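# Understanding the architecture of this molecule
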Amino acid sequence: MLLPNVLAASSFVEVRPGLIFWTLVTFIIVALILRAKAWGPILSLVEEREKQIASSIEAAKRERAEAEKLLAEQKTAIAEARRDAQEMLRRNQQEVEKFREELMAKSRKEAEEFKASAQREIEEQKFKAIAEVKAMAVDLSMEVASKLLNERLDDSKHRALAEQFVQGLPVKGSPQSRA
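All of these numbers come straight from a predicted model, not from anything done at the bench. (Residues numbered from 1 in each chain as written. Predicted model: local features only at pLDDT ≥ 70, side-chain atom pairs only at ≥ 80, totals over all residues. Heavy atoms only, no water.)

## A word on the overall build of the chain
- Scanning the chain from N- to C-terminus turns up three helices and zero strands.
- The burial tally for the chain puts 1% of its 179 residues in the buried class.
- When the accessible surface of the chain is summed, it comes to about 16,800 Å², and 63% of that surface belongs to carbon and sulfur atoms. (Helix = DSSP H or I, 4+ residues; strand = E, 2+ residues; numbered from the N terminus. Buried < 20%, exposed > 50% of the residue type's maximum accessible area, 1.4 Å probe, protein only. Areas by Shrake-Rupley, 256 points an atom, 1.4 Å probe, with all protein chains shown as cover.)

Written as structure tokens, this is what we have:
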């Protein structure tokens, strides 16, 4: 009930054609002034900002594409470096194995040479010992023969001479003493 009284008392409900005309004229003038003075600069600022945003998006796309390209290159380089490292490791292992085999062959050869040299030395020493034994046998035979020729031996003298000869032989491990 309060609302009809308020509307009747106010002049908002009245239609005044003069006021409507001047309100429209003022609105059109303000719109033209705003269009000329404010609307143009505002639109140019908005367009400029839109261009900046578009160029930023394009730059970001280019940078992303370049980053993806660099990432792919880095992945390729890492994979190649790994392959190179594996190849180097394989070659090093082959070289170590080859060196080991060469060293083993050289060691075997040296061992065979040392063995052959030792066998030659043993043979030489053996021949020297045999020659020495033969010389001793000849000396002993000559000594026995000279004693036999000097004395006529009977069985008891023969036995005594043999025992004397056996006692005159060098004992194993001791130096030889001959008269």
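More follows now that the structure is in view.
## Brief notes about the pattern of salt bridges
- Taken as a whole and judged by the stated rule, the model has five salt bridges.
- We note a salt bridge from R16 to E14, for which the minimum N-O separation is 3.8 Å.
- The partly exposed category is assigned to E14, whose relative accessible area is 48%.
- Between R100 and E97 there is a salt bridge, and its shortest N-O distance comes to 2.6 Å. Here R100 and its partner E97 are both found in helix α2 (residues 17-150), three residues apart, which amounts to about one turn of the helix.
- For R100, a relative accessible area of 44% translates into the label partly exposed.
- Put simply, E87, R90 and R91 are held in one network by salt bridges that share partners. (Salt bridge = Lys/Arg side-chain N within 4 Å of Asp/Glu carboxyl O.)

## Here we look at the confidence of the model for the chain
- When pLDDT is averaged along the chain, the result is 84, and 82% of the positions lie at 70 or above.
- The spread of mean pLDDT over the elements of the chain runs between helix α1 (residues 2-9), the lowest at 55, and α2, the highest at 91. (pLDDT = per-residue confidence, 0-100.)

## Here's the deal with the packing of aromatic side chains
- Using the criterion set out here, one finds one aromatic pair in the structure.
- When the ring of F21 is compared with that of W22, the centres are 5.2 Å apart and the planes differ by 70°; the resulting orientation is edge-to-face.
- Here W22 falls in the exposed class, since its relative accessible area comes to 55%. (Phe/Tyr/Trp six-rings, centres within 6.5 Å; stacked < 30°, edge-to-face > 60°.)

## A short note on a nonpolar patch on the surface
- A surface patch of nonpolar side chains, amounting to about 310 Å² of accessible area, comprises V15, I20 and L24.
- Secondary-structure assignment places V15 in the loop between α1 and α2. (Patch = residues over 30% accessible without salt bridge, like charges linked within 9 Å, V, L, I, M, F, W, Y side chains within 5 Å.)

## What about the environment of K147?
- Tracing the backbone through its elements, the reader meets K147 in helix α2.
- K147 sits in the partly exposed class, given a relative accessible area of 31%.
- The spatial distance from the C-alpha of K147 to the C-alpha of L161 is 8.9 Å, given a sequence separation of 14 residues.
- Not counting the four nearest positions on each side in its chain, K147 is found in contact with L161 and Q164. (Contact = heavy atoms within 4.5 Å.)

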